[in-house]
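Here are the chains, one letter per residue:
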Amino acid sequence: MAREDAADPQERFLEFFKKEKYRQRISQMAIQGKECITVDFEELFGFDQKLAEILLEKPEVFLQHANNAAYAQLGIQDAEYTQKLETVTVRIKGLLGKEQLRKLGSKQMSKLIMIEAIVVRATPVRPMVTKAAFKCKRCGTNNMVDQTGQFLKAPNVCNGADCGKDGPFEFIQEESKFIDSQDLRLQERPEDLPPGQLPRTLAAKLVGDEIVDVARPGDHVSIVGIVQAFAPSRPGIGKLRTFILQLDANNVEV
């Protein structure tokens, strides 16, 4: 495993995207105004089994390698369109096996999995900030901060050449960058239920114009995503030891 990790995964993904089928898909991106490309997992597995297996084990790192490789290949095929984008998102479909919703636990945390379920609830599509602009009230400098997690994060200190103070800062919505997001509540399908058991549910987070508003309550869906875990907090006590699982969706098919 260590030897495979030491190899350059981005170069391997780039070789994969040079296949005729994916060069055609990348060419279509500019025509259709897309920022993502869908990869059939079975084809990636056939191309490089070890790369596909590590993608399942370390999806956050290796999906970024895949995104970078797809962006590089787009730059080769259509440099003008590439300049309009900051990144390309690779979406994975059709994993070789699926997980049962009720059996998700610690072993699946931070792994890329596929589940089949029923959508029982969907929120409206909501803009989510990905890069936030904060204006320093001392010197007026705009500070751009990449956003991850659930809460808006301000800069620690101002990056102004003659400032370097710890604020105060004002969030500037007009200068910030947003992406569409949506939350789904998934429920086990009737055919997956053990006799006499009530169906279990799982929250799924969708981020990206291409996958939000695709599925509606009542739809049967196949979702590929990363299993995340977060600890709820109690006021005055802190975070609990017991974590709650959530699926960060990479791809959604109805």
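So, here is what we can say about the structure in this document.

Thresholds applied
Residues numbered from 1 in each chain as written. Predicted model: local features only at pLDDT ≥ 70, side-chain atom pairs only at ≥ 80, totals over all residues. Heavy atoms only, no water. Helix = DSSP H or I, 4+ residues; strand = E, 2+ residues; numbered from the N terminus. Buried < 20%, exposed > 50% of the residue type's maximum accessible area, 1.4 Å probe, protein only. Contact = heavy atoms within 4.5 Å. Areas by Shrake-Rupley, 256 points an atom, 1.4 Å probe, with all protein chains shown as cover. Expected span 1.5 Å × (residues − 1). Arc of directions from axis to C-beta. Disulfide = S-S within 2.5 Å. Salt bridge = Lys/Arg side-chain N within 4 Å of Asp/Glu carboxyl O.

### Side note on the overall build of the protein
Line of reasoning, step 1. From N to C terminus, the protein includes seven helices and eleven strands.
Line of reasoning, step 2. Expressed as lengths along the three principal axes of its C-alpha atoms, the size of the protein is roughly 65 × 55 × 40 Å.
Line of reasoning, step 3. For the protein, the residues scored as buried account for 36% of the 254 residues in total.
Line of reasoning, step 4. A separation threshold of at least 6 residues defines the contact pool for the protein, and within that pool the share at least 24 residues apart is 65%.
Line of reasoning, step 5. Summing over all exposed atoms, the protein offers an accessible surface of approximately 14700 Å²; the carbon and sulfur share of this is 49%.

### Re the environment of A7
Line of reasoning, step 1. Examined against the element boundaries, A7 turns out to sit in the loop between α1 (2-6) and α2 (9-17).
Line of reasoning, step 2. Taking C-alpha positions, A7 is 35 Å from V221, a pair spaced 214 residues apart along the chain.

### Some details on helix α3 (residues 20-32)
Line of reasoning, step 1. Here α3 spans 18 Å end to end across 13 residues, near enough to the 18 Å set by a 1.5 Å rise per residue.
Line of reasoning, step 2. Here α3 has its buried residues at Y22, I26 and M29. All buried residues of α3 project into a common sector of 45° when viewed along the axis, lining one side.
Line of reasoning, step 3. Among the residues trailing α3, G33 stands out with phi positive, at a value near 70°.

### Considerations on the state of the cysteines
Line of reasoning, step 1. Tallied over the full model, the rule gives zero disulfides.
Line of reasoning, step 2. Of the cysteine sulfurs around C163, a residue in no disulfide, the closest is that of C139, at 3.8 Å.

### Re the pattern of salt bridges
Line of reasoning, step 1. The tally for this structure, following the rule as stated, stands at 20 salt bridges.
Line of reasoning, step 2. Measuring nitrogen to oxygen at the nearest pair gives 3.2 Å for the salt bridge that ties K21 to D40. Of the two residues, K21 sits in helix α3 while D40 sits in strand β1 (residues 36-40), which places them 19 residues apart along the sequence.
Line of reasoning, step 3. A residue is classified by how much of its surface remains accessible, and K21, at 35% relative accessible area, is partly exposed.
Line of reasoning, step 4. Here E188 and R102 are joined by a salt bridge, their closest N and O atoms 2.8 Å apart. Taken as a pair, E188 in the loop between β6 (169-187) and β7 (201-207) and R102 in the loop between β2 (89-93) and β3 (112-122) lie far apart in primary sequence, 86 residues in all.
Line of reasoning, step 5. Linked through salt bridges whose partners overlap, the residues forming this network are K21, R25, D40, E43, K93 and E253.

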